[in-house]
Structure formats: structure tokens, C-alpha cells
Amino acid sequence: MTRVKDYIFHILLLHSLRSRIFIIILLVGIIPGIMMRHAIIEDYEDRAVRLRQETAQDMLTTIAGHLVTNNYLENYQQTDQQTAANKRVVDAELDMLSGIYDGRILIINSNFSIIKDTYGLNEGKTIISEEVILSFRGERLFNYDAQNGYIELTTPIVYTISPEDNPNENVNIVRGVMVTSISSKNITETMELLNRQSLIIEMIVIMAIVALAIVLSYVLTRPFNKVTEAINEVKEGYSDEAINVPDYVETVHIIDAFNQLLRSKRALDDSRQEFVANVSHELKTPMASMKVLADSLLTQENVPVEYYREFLGDIVSEIDRENQIITDLLAIVKMDKRVQDMNIVSISINDLTELILKRLRPLARKMDVEVIFESNRTVVAEVDEVKLTLVISNLVENAIKYNKEHGWVKVVLDADYQFFTLEVSDSGIGIPEDSLAQIYERFYRVDKSHSREIGGTGLGLAITKSAVLMHRGSITVTSKEGEGTTFLVKIPINYIAPQNA
Ligand code: ADP
């Protein structure tokens, strides 16, 4: 239930790819449609108003001509028959025009007096507006009032006369103005109709786009769901095959990374299994020897005491060996526990090395090996004392154990401002080149029987390497068979705690 809630929450916050694709398709599909509808309707309005204005203007210009030829402005108060008849004709034209355009025409003379109002309401009144004044200067004016639904046109009534002093030249004089308001209601009505129809079409398109957005957002994100399903299958143990979702380059990258992870997990599992098998084998070997020794004592009768002594002595050394393996295994387990276990103290590496060498000198004497320590400076560093002790003692012990008669072991301690180095070289049997890469593996021994003879478990260098790495240091080896081996350990003087510790 909470998963469903989380899912909805993420969709609402656009945290899901599907919701983002959905929204993008929706916006890309719908916004241009709405914009286009507005643009088309506005364009229609512009054109319709212009067309109406132009045709009305043409008619008004013609009527203005009739007004001039009939001297309408001068004769509007004359009552003789001929003038009245002319006036009636023009009046009829004006009425017809205002009828056609569902509008009103006012004729204003040069005294700004309204001499004709097709509505008959304002005749005789004076009108002085900006438009009228501008029109008396010869301008044709046009104003569209969309809110109230009318177009206002102001047309000058122009007389062309020839002045007495220059009869060849024609002069235009504005003697009156026609102010015409025509209704634009039908334009508004057509616009509303258009709007309604396009809205219906738009709704249908929006519904189609929503459907498309739902389908596409589902289809486009499906490969990612396939990735999750495939990973879940591996996670839940139904399959441990390498998975494959080739739909997108992105899914291929994710799957590649996952497969790599899977491979390294398998490699880790394999190495764990191998380790457990090795441990069991190593622990069983001393046990088997002890059993053989004990059995041979038990199955024989009247065994002389010397045999008992000898066999029990062998059993004791097998127990020692078993103990040694267990001690080393515990050390390895400790190393695996990682950084939290680091017990960092600032100590003199010189003193620590001297102490370890002192402990190992009896062994060196026994093996007839000379141990030399060289150090030009006092090195104080932040280290885990127990772990560094394991490093130094393992390396020096190996250098003594895998040496020759009258051989030597040299330990050189040095430092710069960042690192200290510990070089352990010997005049021993050396390590074959093809074994150099494996010596840090658990239970790896170059010569199993020789190593066993001198009490090796094959775990020493594995422990050493882990301990060095935990100090963020490095360990390298150079060796020549029959001539000797040199291990070089480099560790930071100041302990660098890992970021995620
Ligand atoms: P072991 O307990 O057998 O000594 P290590 O892990 O310490 O195990 O060493 C692994 C193997 O590397 C040893 O068995 C040995 O063959 C080889 N080795 C280690 N140090 C030296 C050395 N200084 N000289 C020659 N061989 C060495």
C-alpha cells in the first residue's frame, strides 16, 4: 500500500519518467493548438473589420460626393421643391446605408452643427470631438470598439473648387464631416461561432493527445520496467543468467553495469567458497596426521615408550600448526571487518621495528641468518599498532624462513614528508616470476611441502597486504630466484580515514 502511495506521490512530483513524458507530450500537443485557435480567430477579426471598414468607407465616399453635388450642406434648411426633392434622395441614401450597416450616420457642417442624424435624435446639436476636428483637416478616421461592437468612421465631405484668382487650379475644402457608426455585431457573432467550433475540435484533439500521452508514456518507459523486472528476477533467485534489455542504449548501459556487478558478486561467491574449501582442507591436514599417529599407537600392542614420545611429539607439532592456522584465520577475519576496527595511534615506527626484530632474532639465529636494521631518521606515524606489527613481523619472518644458510635480512626504514617506507630484503631462495602475482592469495605457497616444513600457512602475505591496504598504503615485491627477495611497503604518515567511514 505504501509503495502505491509512494508511486502516486512521485508521479505528482514529476519524479517519474512516465509522468514527465506524459506532461511533455501533453504540453507539446495542446499549447500550440490553443495558440493557433487564438491566432486564427484574431486574424479573422482583423480581416473582417478591415473589409467592413473598406466597403463602408467606399460607400461613404460616394455618398459624400452626392452630398457635395446636391449642395446638401448649404441647402439643408431650404424648402423649395427642387432642393427638398434632392435632399430627400440623399436622405434616402443615408437611411439605406445606415440600414444596411445597422448603424447611424451624422452629418456635421462647418459650424460643428449636426444637420442630419439618421436616428433623428441629435439634429441641430453641436458636436466638437477630436475626430471631427481632425476630419475637418481632411483626415479619414477609423476606430473599432470591439467591446461595444461597433466601428466608427469619420469621413470629410470635400468640395473641390477653383479660386477666382486662379481658375485653373483646383482646391479641396472640407465643409462638413460624416460620422458613421456601424455595427460589428455579426463579426462578433461569427467569432463566437468560430470559437465554439474550434473549442469542440480542440477538446477532441486534447482527448486524443491525452490518450496518446498515456500510451506513449507507458510504451516509452516499458524497457525500464523490463530492466527492473529482469533485475528483480535475478535478485529473487529465479534466474542467475546475465540479463539483456536491448531496447535503448541507456537500458543496455544499465544492464551492462548490472551484469558486471553480478559477475563480480559471483566471483566473490566463488572465492568465498574456495576459501572455505581451502580452510577446511588446511584444517583437516593436521587432523589427518594426528589421527594416523594416534591410530598407529592404538592399533599396535606393546609399543615402546620412545615411540609414544616420538609420536606424541609429532601430534603436539600438528596441534601447534593447527593453532597457527586458526590464529592466522582470525587475523584475516579481523582484517575483513574493515575500517571501523582501525585503532589509530601515533607511534615511533623505529621502536616498533626494533621490538619485532628483537622477538624474531632467536628464529634468525636458529636459521643462521643475520638481521640488520637501518634507519636514518626517527619516523613517527599514525598507524594501527597491532596491524602494522603483523605487516613487519610477517615480512621479516618470511625473509628469515625462506633464506639460506649464513644468509642476511635487511630492514630499511625511511620517510619523506608524506609517507614512510619499510624495505625488507633478504638473500634467500627468491620467488619464481610466475608465482609473484599469487603470493598474496590466501593459502598460496610457492613450494607447499617446503613451506609446510617451516611452519607456513600461506596466509601471512594475505594478512600483510590487507593490513597495508587498510592503512591506505601499498606493497610491492621484486625477487630473483636463488638470489633473494625485496618487499617494499609504503604507508602515509598521517592516517587518511576513508570518506564513507
Ligand atoms: P607462508 O605462511 O607459507 O609463508 P605467506 O603468505 O607468508 O605464506 O607467503 C606465501 C608464499 O610466498 C610462501 O609460501 C613462499 O613460498 C613465498 N614467500 C614469501 N616471502 C618470501 C621470501 N621472502 N622469499 C621467498 N619466498 C617467499
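What comes next concerns the included structure. (Residues numbered from 1 in each chain as written. Predicted model: local features only at pLDDT ≥ 70, side-chain atom pairs only at ≥ 80, totals over all residues. Heavy atoms only, no water.)

Topic: the pairing of strand β11 (residues 474–480)
Consideration 1: Here 7 bridges tie β11 to strand β12 (residues 484–492), and the two strands are oriented antiparallel to one another. Bridge pairing in β12 places Thr 476 opposite Leu 488.
Consideration 2: Between the end of β11 and the start of β12, which pair antiparallel, lie 3 residues, with Gly 482 showing a positive phi angle near 85°. (Pairing = 2+ DSSP bridges. Helix = DSSP H or I, 4+ residues; strand = E, 2+ residues; numbered from the N terminus.)

Some thoughts on the pattern of salt bridges
Consideration 1: Applying the stated criterion to the full structure yields 14 salt bridges.
Consideration 2: Note that Asp 414 and Arg 377 form a salt bridge whose closest N and O atoms lie 3.3 Å from each other. Taken as a pair, Asp 414 in strand β9 (residues 407–415) and Arg 377 in the loop between β7 (369–375) and β8 (380–384) lie far apart in primary sequence, 37 residues in all.
Consideration 3: You can call Arg 377 partly exposed: its relative accessible area is 43%.
Consideration 4: Salt bridges here are not isolated pairs; linked through shared partners, they connect Lys 87, Asp 91 and Lys 116. (Salt bridge = Lys/Arg side-chain N within 4 Å of Asp/Glu carboxyl O. Buried < 20%, exposed > 50% of the residue type's maximum accessible area, 1.4 Å probe, protein only.)

A closer look at the nonpolar core
Consideration 1: Ile 349, Leu 388, Val 396, Val 409, Phe 420 and Phe 487 are the most contacted members of the largest nonpolar core, which totals 54 residues.
Consideration 2: Counting contributing residues, this core receives three or more from each of domain 2 (240–336) and domain 3 (340–492).
Consideration 3: Residues contacting Val 396, with those up to four places away along its chain left out, are Leu 357, Leu 360, Val 409, Val 411 and Val 424.
Consideration 4: Within the second largest apolar cluster, 26 residues are counted, among which are Tyr 72, Ile 107, Met 178 and Ile 187. (Core = buried A, V, L, I, M, F, W, Y, C linked by side-chain atoms within 4.5 Å. Domains from an automatic or database assignment. Contact = heavy atoms within 4.5 Å.)

Brief notes about the packing of helix α7 (residues 249–299) against helix α8 (residues 305–336)
Consideration 1: One can describe the packing of α7 onto α8 by two numbers: an axis separation of 9 Å at closest approach and a directional angle of 165°. If you check the angle between α7 and α8, you find them roughly antiparallel. In the packing of α7 onto α8, the handedness of the crossing is left-handed.
Consideration 2: Per-class residue counts for the contact of α7 with α8 are 18 nonpolar, 2 polar and 5 charged. (Axes fitted to C-alpha atoms, helices over the stretch in contact; angles between N-to-C directions. Parallel < 35°, antiparallel > 145°, perpendicular 65-115°, else oblique. Left-handed = near helix turned anticlockwise from the far one by under 90°. Nonpolar A, V, L, I, M, F, W, Y, C, P; charged D, E, K, R; others polar.)

By themselves, these observations are geometric and do not establish any function.
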